[in-house]
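Secondary and tertiary structure notes
For reference, the chains in residue letters:
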Amino acid sequence: MSSTCTRYLVCYDIADNRKRKKYADALKDLGLIPIQKSVFYGDLKPPESRLLSEITWDMLDADEDKCLWFPCHLSPDRIRACLGLSQFTYDPPDCNKLI
């Protein structure tokens, strides 16, 4: 992973089905991949990480929803070592490529 990208873990609890689907689609559009139904993982460049924060605050309601998003050092190998995730694959993006 290049130093121009930061690896993120996003976990959320969203009660509304439509909002949850829309938020998951937005995370996928950023290049994050699902580890579980409401846990996403991936490498983001600084503009994408700022957009992640903006999307989260714009789409979710702090009174109804919960969301954690933070940089992490969790490697794909560590994920595969967890229960039920032995087939997890992750192809990191080329973080030196311009958007």
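The following paragraphs examine the structure supplied in this document. Everything numeric in this text was worked out from a predicted model, so none of it was measured.

When you go through the protein chain residue by residue, the secondary structure sums to three helices and four strands. When the helices and strands of the protein chain are listed from N to C terminus, the series reads β-α-β-β-α-β-α. The C-alpha atoms of the protein chain give 14 Å as radius of gyration, which agrees with the globular expectation for 99 residues (13 Å, within 12%). Its C-alpha atoms put the protein chain at 35 × 35 × 20 Å along the principal axes. By the burial criterion, 38% of the 99 residues in the protein chain qualify as buried. Summing over all exposed atoms, the protein chain offers an accessible surface of approximately 6600 Å²; the carbon and sulfur share of this is 53%. Side chains of the protein chain give 14 positive and 15 negative charges; the mean places of these two sets differ by 5 Å.

The end-to-end C-alpha separation of helix α2 (residues 46–59) is 20 Å, in line with the 20 Å expected for 14 residues at 1.5 Å each. Where α2 is buried, its residues meet β1 (6–13), α1 (17–30), β3 (39–44) and β4 (66–71).

Right, let's talk about α1 for a bit. Counted at 1.5 Å a residue, the expected span for α1 with its 14 residues is 20 Å, and the 20 Å between its end C-alpha atoms agrees. Near the N-terminus of α1, the side chain that reaches the backbone nitrogen of Arg-18, with its oxygen 3.2 Å away, is that of Asp-16. Downstream of α1 by a residue or two, Gly-31 has a phi angle that is positive, lying close to 105°.

Applying the stated criterion across every chain yields a total of five aromatic pairs. Consider the rings of Tyr-12 and Tyr-23, whose centres lie 5.2 Å apart with planes at 90°: the pair is edge-to-face. Of this pair, Tyr-12 sits in strand β1 while Tyr-23 is found in helix α1, placing the two residues 11 residues apart along the sequence. Residues Tyr-12 and Tyr-23 agree in their burial class; the two are buried. Both rings, one in Tyr-12 and one in Phe-40, keep their centres 6.1 Å apart while their planes meet at 25°; by these two values the pair is stacked.

The rules behind the values
- Residue positions are given per chain, counting from 1 as you read along its sequence in written order.
- For this predicted model, a pLDDT threshold of at least 70 governs which residues receive local features, and a threshold of 80 or more governs which side-chain atom pairs are given and counted, while totals over whole chains, interfaces and linings are taken from all residues.
- To get the side-chain values, all heavy atoms of the structure are used, and hydrogens and water are removed first.
- Each helix is a run of H or I in the DSSP string that is no shorter than four residues. Each strand is a run of E no shorter than two, and both are numbered from the N terminus.
- Radius of gyration here uses only the C-alpha atoms, and the compact-globule reference equals 2.2 Å multiplied by the residue count raised to the power 0.38.
- The cut-offs for exposure are 20% and 50% of the maximum accessible area for each residue type, with area from a 1.4 Å probe on protein chains only; residues under the lower value are buried, those over the upper are exposed, and the others partly exposed.
- Only the protein chains shown count as covering a residue, and every accessible area follows the Shrake-Rupley method with a 1.4 Å probe.
- When charges are counted, Lys and Arg contribute as positive and Asp and Glu as negative, whereas His and the chain ends are disregarded.
- Lysine's charge is taken at NZ, arginine's at CZ, aspartate's at CG and glutamate's at CD.
- A helix is expected to span 1.5 Å multiplied by its residue count minus one.
- We call two residues in contact whenever any of their non-hydrogen atoms come within 4.5 Å of each other.
- Here a polar contact is recorded for every N or O atom pair within 3.5 Å, except that within protein the pair must consist of a potential hydrogen donor and a potential acceptor, and residues adjacent in sequence are included only if both atoms are side-chain atoms.
- Each Phe, Tyr or Trp ring (for Trp, its six-membered ring) is paired with any other whose centre lies within 6.5 Å, and the angle between the two planes then decides the class: stacked below 30 degrees, edge-to-face above 60, tilted in between.

Spatial relationships are all this shows, so hold off on functional conclusions.
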